[in-house]
Amino acid sequence: KLARKHHIEIEELPKLFERLERDLAALENQSAAETELHERLHTARLAYIESAALLSERRATTASGMQKDITRRLRDLGIPHAEFTVSLQITSDAVPLPHGLDRIEFVLSTNPGQPPGPLNKIASGGELSRVGLAIQAATACHAGVPVVVYDEVDTGIGGTTANIVGRNLRDVASHCQVICITHSPQVASAGDQHLVVSKSVVGGHTETRIKALGEIEREAEIARMLGAAEATESSVAHARDLIAIATQHH
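Residues numbered from 1 in each chain as written. Predicted model: local features only at pLDDT ≥ 70, side-chain atom pairs only at ≥ 80, totals over all residues. Heavy atoms only, no water.

What is the right way to read the pairing of strand β6 (residues 195-202) from this model?
Successive side chains on a regular strand alternate, one facing one side of the sheet and the next facing the other. As paired strands, β6 and strand β7 (residues 205-212) are joined by eight bridges and run antiparallel to one another. Bridging from a neighbouring strand, V201 pairs with T206 of β7. (Pairing = 2+ DSSP bridges. Helix = DSSP H or I, 4+ residues; strand = E, 2+ residues; numbered from the N terminus.)

Printed below as a string of structure tokens:
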């Protein structure tokens, strides 16, 4: 009757008895187990708070140098009054968070007397691209990102500032693969490899082609980007100078 009640064979009754005894003992010892769990939780929370406090201290030290570096890069990139700040605030949440107790925000001021604010509210579209580039250039050696793609980060700038954009892109590229879409000859001259993207209509269909350029082809293409109708000796010499300027820092 007992075996039928528990839906098992008669031979399995001793094992069932042992299991039920263990379950009963666990229920009777529940209070002691709960006390032990609370003690373990308390110990873990103290260890977390100690680690989080050390992390906050190191973040504060790192943030000081990081914001100076990024501010300098932004001013070089044509935002002369930029003030980049890393805001660190300790959260009041009682629940431990996976990345410590800090709430981190990047804030920016681009004009004198302007209070700093979130990047997406302070920076224009073109400025936001340069802010992203400055952050990447300053942190690339620590980020561990394998590939970074920039789509016309040079929009709205030229001349010396475009040269600095190229220099910052090379800073990033020394730590990861950078793919940059650009119409700027100064930026294009900073690359290690130059690809030309072109469209053509074949049989009534539009085709897009990508061609890798050799050294001579690259000089001719940058000369064209500089505005030369055709690759003359002087325009190619200018392109060659741009490439030398862009790569001399590396």
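Explain helix α8 (residues 215-225) to me, please; I cannot follow it from the model alone.
The periodicity of an α-helix, 3.6 residues per turn, causes residues three or four positions apart to be oriented the same way. For α8, every residue scored as buried is listed here: R218, E219, E221, I222, A223 and M225. The secondary structure elements touched by the buried residues of α8 are α7 (185-188), β6 and α9 (233-247). (Buried < 20%, exposed > 50% of the residue type's maximum accessible area, 1.4 Å probe, protein only. Contact = heavy atoms within 4.5 Å.)

Explain the pattern of salt bridges here, please?
Where charged atoms of side chains with opposite charge meet at close range, the side chains can pair. Scanning the model with the defined rule gives 12 salt bridges in all. Among the salt bridges present, the one from D102 reaches R59, with a minimum N-O distance of 2.8 Å. Taken together, the residues span a long stretch of sequence, with D102 in strand β2 (residues 102-109) and R59 in helix α3 (residues 30-76) at a distance of 43 residues. Close ionic contact of E221 with R224 constitutes a salt bridge, the shortest N to O distance being 2.6 Å. Placement of both E221 and R224 in helix α8 is noted, with a separation of three residues, approximately one turn of the helix. Look at E221 and you get buried, because its relative accessible area is 14%. The structure contains a network of salt bridges with shared partners spanning D69, R72, R73, D76 and D171. (Salt bridge = Lys/Arg side-chain N within 4 Å of Asp/Glu carboxyl O.)

I'm lost on the sheet that holds β2 in this one. Help?
Each strand in a sheet pairs with another by means of backbone hydrogen bonds, the pair being arranged parallel or else antiparallel. Strand order in the open sheet formed by three strands is β1-β2-β3, and the pairing between neighbours is antiparallel. Strands with a single pairing partner mark the edges of an open sheet, and in this sheet they are β1 (83-90) and β3 (117-118). Here β2 runs beside β3; their pairing, made up of two bridges, is antiparallel. Bridge pairing links L108 to G117 in β3. Along the sheet, α3 makes contact with β1 and β2, crossing β1 at roughly 160 degrees. (Axes fitted to C-alpha atoms, helices over the stretch in contact; angles between N-to-C directions.)

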